[in-house]
Structure formats: C-alpha cells, structure tokens
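If you want the building blocks of each chain, they are given just below.
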Amino acid sequence: GPLPGNTNCSKIAGADVMVSTDNLGPSQDWFNSGTAAYGTCNTGIVFVRSNANGKMFADAWLSNLRDAPGRFSTLTSDQQVFNMMVREPGKWPGMQMIGKDMRIVESYEPKVKVGILPLALFCNGHGYFVQRTFEWMHLQPYAVHATYTFDGAGGVPKQHRFREAGLWLVEDDEYYAPQRFLTFDGTVPKDMLLANPPAGDLGTHLNALQSHLSGIRGALAVARATGRVLLLPKLTCYCDKTWGGHDNIFKSKCKYPGAEGGDFLPLQCPLDHFLSPSAWVEAGVPFRTESYLRDARVPKAVRDSKIVRMEVGASDDDVHTAFASLEHVPIVELSNARAAFCRFNNASEDAIFEKLMNDVMRPVAWCSECHPEGCAHWVKKETLLTGRVVPTRGVHEMFCRDYQIPPRTCK
C-alpha cells in the first residue's frame, strides 16, 4: 500500500525556491529528509515563488550567470551556478537546514529558503526509468526528468526513455495507425543464468546483454523480410550501468552507487544501456517499445490480438513460407529470435541488411571501476576472463566487457 508520509509537499510549502535533486535514494529521501541536501540540486525542475525573496533569488541567479570576473565565472551551466549559490564555499553540504523536517535549507547567497523536492514525487531518470519507484513505493510522481540516460545528451535518447515508460504522448496519428508487428521472446536462457538468484551477478548480466543483442539482430532481420515493424519486448538486466563506468558499481551490489536502498534488480533494461536509440532513428528503423500496446490510441484489434509463437527458417525465403498464413495476424512472436535468421538469398538485399546492422547494432561496452582493491577482488575469475582490465584515473583499474555485432546464425 501507499507509504506513510506527507505526499502534498507541505514540508516545503514555506520555501521561496524549490528544486529537484540528482540523489538516487528515493526511499531514504522519503523517510529521512535530512539526506536531501547531500546531493546535487538539479535545475531541470525549479519552482520560484512570486514573492520578494523568490524574485531576489531569480535576479541574483541571472546576474551570476552573466558574472564575468567573479567566483561564478568558471562555471559552465545554470545548474552549477545554482548549486554554488545555495552552498557555503568549502563546506559540505554547505546548506543550513531550517526546521525539524530538514527539507528546507537556507541558501548561502542570497539568504532565501530553498526547498528540496521529494525525490519520489519529482523523479530523476534513474528513480523512474530504472528503479521504477512508482511500483514499489506506490507513489505517483508529479514530474519525471529524463536524467541518467545514455547515448549522449540529445533529445532522442531522452524521448526514447519516455516512450519505453509510456510517457511520451506527442506522437502524431500515423504513429498509432494499424500496422503489423514482429516481436520476440526476450527471456534469457536458463543456461546463461550463472547464479541463483541471478540479480546482481555480473556474469549473468553480461550473458543477458549478449542474448538480447542476438535476439534483436534476428528479430530485425525477420521484421525486414516480412515488412513488419519490430516491437521490442521487455528485456531484463541483472546489473545497473554507470556513466562511462566511472564509479565502483560492485561495492553497491551491481546498483548505481547511491541507489543501494532500492529493491529494483533485476531491472527492465532500457535500450540505451547497450545500444544507441539515436542510431536507430538516424537509420530510419521502424520500431516500437512494449509500452506501445498499452496506449489507448493503439487500435483495439492490435492490442487484443493473438501472439503466435513459432520458429522460422534460415533465409528470407524460409521466412516467407513460414509467414504465408500469418498475413492478417497483427503480432507474430518469434520463440527463438537468436537463431531465427541466416541470410537474405538476394545478395544485394543481404548486403543492405549487413550495412544496417553496422549502423544500428553497435553495442556499448559495459564498464565499472574496481577501486580501491582492484578488479580481481570484485569480479569472479571466470567473468574477468571474458573482458579486459584497463588503468583509469592513474591509480585505479576498470573492468570492461566489449560486445561485437552478433554474427549470423545459420542452420
């Protein structure tokens, strides 16, 4: 049931300015609001009250952004300036708590009341898309900010995260027009699960990524051969991912450091954890995420259709034969997409498809630092042998597992 606590933000009702954070512990933040000040304020969500103090802060913020010779001159973003304004220089967290609820602080310069928005109600990307706090905390957030995404800082990967969550609502009618879809069983084979339970086991996670890559390649081929739109299923990951591997994820049991308190492994894996949604959009690959079928705008005949599970042959001719009686079935599901396809019999079409794979199946390496003890301390020997250990930051090691474009699977 719903968590105890005040869900209407009354704890910060007296604040002149309210801001979200990059903290990663929504439950810790909910029950111990004193932790709110120990993270970076994120100016993606800001509320400034229309009173004297709010206007004073906004004026000072703008002035500091324009500050050429002063202490803000080396900063490169409005968020950096905001954080320096609210914290006392040289101290951490450098913000004076006001009142027993400890969610309002007094900013350093100028002196105004700054409220830290509850993380579970004003979610960052990790809290919503990865931890899925709305499920296990039973709280519906007011806002979601697409942070902690990968594949660069552009709009495409952020839009894709919203689509995966069923929150991107601005597509045109054509996006929801009746179409035929091809999906696949994304379940990781049991022989690739190296631990019981598998959640938090790095070797299992790395195997799962390989399984997902192979399944996507096979499904893309069959979708292209049949003129269907690829419908990506839910894919499971058994370990989280950090930016560039620049943190020790092993210490926090395969969760992003700071998110240890969340019960979210295994997780529904975002596509940008191992592939580039931007590359798919740039290449013009037609695809949807599994949340597409939950949208009321999708024709009922598609949403309620029967899914056919089947094996397919090794070439596009075999696929055409297998699909001959399925022309009017809205969704066809492959039971083993990893071994679903070998080649297009037409050499020109086969070459076009291989080029497409080079464009969109560019797997991103999974990496994590191993400080301070070293990678041999944190990673099982058999898993260590599947990747590489490289020096990082001069004094530490990083473990990385590289992935290649999955090879053809031919019978």
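Now for a quick tour of the structure. (Residues numbered from 1 in each chain as written. Predicted model: local features only at pLDDT ≥ 70, side-chain atom pairs only at ≥ 80, totals over all residues. Heavy atoms only, no water.)

Okay, the side chain of Arg161 next. For Arg161, the location among the structural elements is in helix H6 (residues 155-164). Looking at Arg161, the relative accessible area reads 1%, which means it is buried. Within the local environment of Arg161, its side chain forms a polar contact with the side chain of Asp272, the two groups lying 2.9 Å apart. Apart from the residues lying within four places of it in its own chain, the contact partners of Arg161 are Gly125, Phe129, Val130, Tyr148, Thr149, Phe150, Pro270, Asp272 and His273. (Helix = DSSP H or I, 4+ residues; strand = E, 2+ residues; numbered from the N terminus. Buried < 20%, exposed > 50% of the residue type's maximum accessible area, 1.4 Å probe, protein only. Polar contact = N/O pair within 3.5 Å; in protein donor to acceptor, adjacent residues only side chain to side chain. Contact = heavy atoms within 4.5 Å.)

Our focus in this paragraph is helix H11 (residues 347-360). With 14 residues, H11 extends 20 Å from end C-alpha to end C-alpha; this agrees with the ideal 20 Å at 1.5 Å per step. Turning to H11, its buried residues are Asp350, Phe353, Leu356, Met357 and Val360. Buried residues of H11, seen end-on, are gathered within an arc of 120 degrees and therefore sit on one face of the element. In this structure, H11 carries Ala347 and Lys355 as exposed residues pointing more than 90 degrees from its buried face. Two or three places before Ser348, at the start of H11, stands the capping residue Asn346, its side-chain oxygen 3.0 Å from that residue's backbone nitrogen. (Expected span 1.5 Å × (residues − 1). Arc of directions from axis to C-beta.)

The sheet built from five strands is open, its strands ordered E12-E9-E8-E14-E13 with parallel pairing. Both outer strands of the open sheet, strand E12 (287-289) and strand E13 (307-310), are each paired with one neighbouring strand and no more. Neighbour-to-neighbour, the strand axes of the sheet open up by a mean angle of 30 degrees, direction not taken into account. Summarising the sheet, strand E9 (residues 229-232) and E12 pair through three bridges and their orientation is parallel. Looking at the pairing, Leu232 lines up with Thr289 of E12. Running at roughly 160 degrees to strand E8 (residues 181-184), helix H7 (residues 202-226) makes contact with E8, E9 and strand E14 (331-334) of the sheet. (Pairing = 2+ DSSP bridges. Axes fitted to C-alpha atoms, helices over the stretch in contact; angles between N-to-C directions.)

The next point concerns the pairing of E9. Of the two faces of E9, both are covered, the one formed by Val229 and Leu231 as well as the one formed by Leu230 and Leu232. Taken together, the two bridges between E8 and E9 define a ladder with parallel strand orientation. Looking across to E9, one finds that Leu182 is bridged to Leu230. One crossover worth recording links E8 to the parallel E9 by way of H7, and it is right-handed. (Right-handed = clockwise from strand over helix to strand, strands pointing away.)

Before going further, it helps to examine unusual backbone geometry. Leaving glycine aside, a negative phi is the common case for residues, and trans is the common case for peptide bonds. Cis geometry marks the peptide bond from Trp92 to Pro93; its omega dihedral reads 5 degrees. Summarising the element assignment, Pro93 is placed in the loop between helix H3 (78-86) and strand E3 (96-98). For the bond from His371 to Pro372, the omega torsion is -5 degrees, close enough to zero to count as cis. Relative to the elements of secondary structure, Pro372 occurs in the loop between strand E15 (366-369) and helix H12 (375-378). Even without glycine at this site, Arg132 takes up a positive phi of about 50 degrees. Unusually for a residue other than glycine, Tyr148 sits at a positive phi of about 55 degrees.

Moving on: the packing of aromatic side chains. This model, assessed by the stated rule, comprises 19 aromatic pairs. Taking the centre distance of 5.5 Å and the plane angle of 85 degrees together, the rings of Tyr148 and Tyr256 count as edge-to-face. Taken as a pair, Tyr148 in the loop between strand E7 (143-144) and H6 and Tyr256 in the loop between strand E10 (236-237) and strand E11 (267-268) lie far apart in primary sequence, 108 residues in all. Note on Tyr256: relative accessible area 9%, which makes it buried. (Phe/Tyr/Trp six-rings, centres within 6.5 Å; stacked < 30°, edge-to-face > 60°.)

We now examine the pairing of strand E16 (residues 388-392). Sheet analysis places E16 next to strand E17 (residues 396-401), joined by five bridges and oriented antiparallel. Note on E17: the bridge partner recorded for Thr392 is His396.

Our next topic: the state of the cysteines. Scanning the model with the defined rule gives five disulfides in all. Each sulfur in the disulfide pair Cys237 and Cys269 lies 2.0 Å from the other. With the S-S bond torsion at -60 degrees, the cross-link from Cys237 to Cys269 turns out left-handed. Highlighted residues: Cys237 in strand E10 and Cys269 in the loop between E11 and helix H8 (277-283), separated in sequence by 32 residues. (Disulfide = S-S within 2.5 Å.)

Take the pattern of salt bridges next. Taken as a whole, this structure holds 17 salt bridges when the rule is applied. A salt bridge links Glu369 to Arg393, with the nearest nitrogen and oxygen atoms 2.5 Å apart. Of this pair, Glu369 sits in strand E15 while Arg393 sits in the loop between E16 and E17; the two residues are 24 residues apart in sequence, bridging distant segments of the chain. Residue classification places Glu369 among the buried residues on the basis of a relative accessible area of 0%. A salt bridge links Arg388 to Asp402; the nearest nitrogen and oxygen atoms lie 2.5 Å apart. Of this pair, Arg388 sits in strand E16 while Asp402 sits in the segment after E17, and the two are 14 residues apart along the sequence. We classify Arg388 as partly exposed; its relative accessible area is 35%. Owing to a relative accessible area of 35%, Asp402 belongs among the partly exposed residues under this scheme. Here the salt bridges share partners, and the residues they tie into one network are Arg217, Asp350, Glu354 and Arg408. (Salt bridge = Lys/Arg side-chain N within 4 Å of Asp/Glu carboxyl O.)

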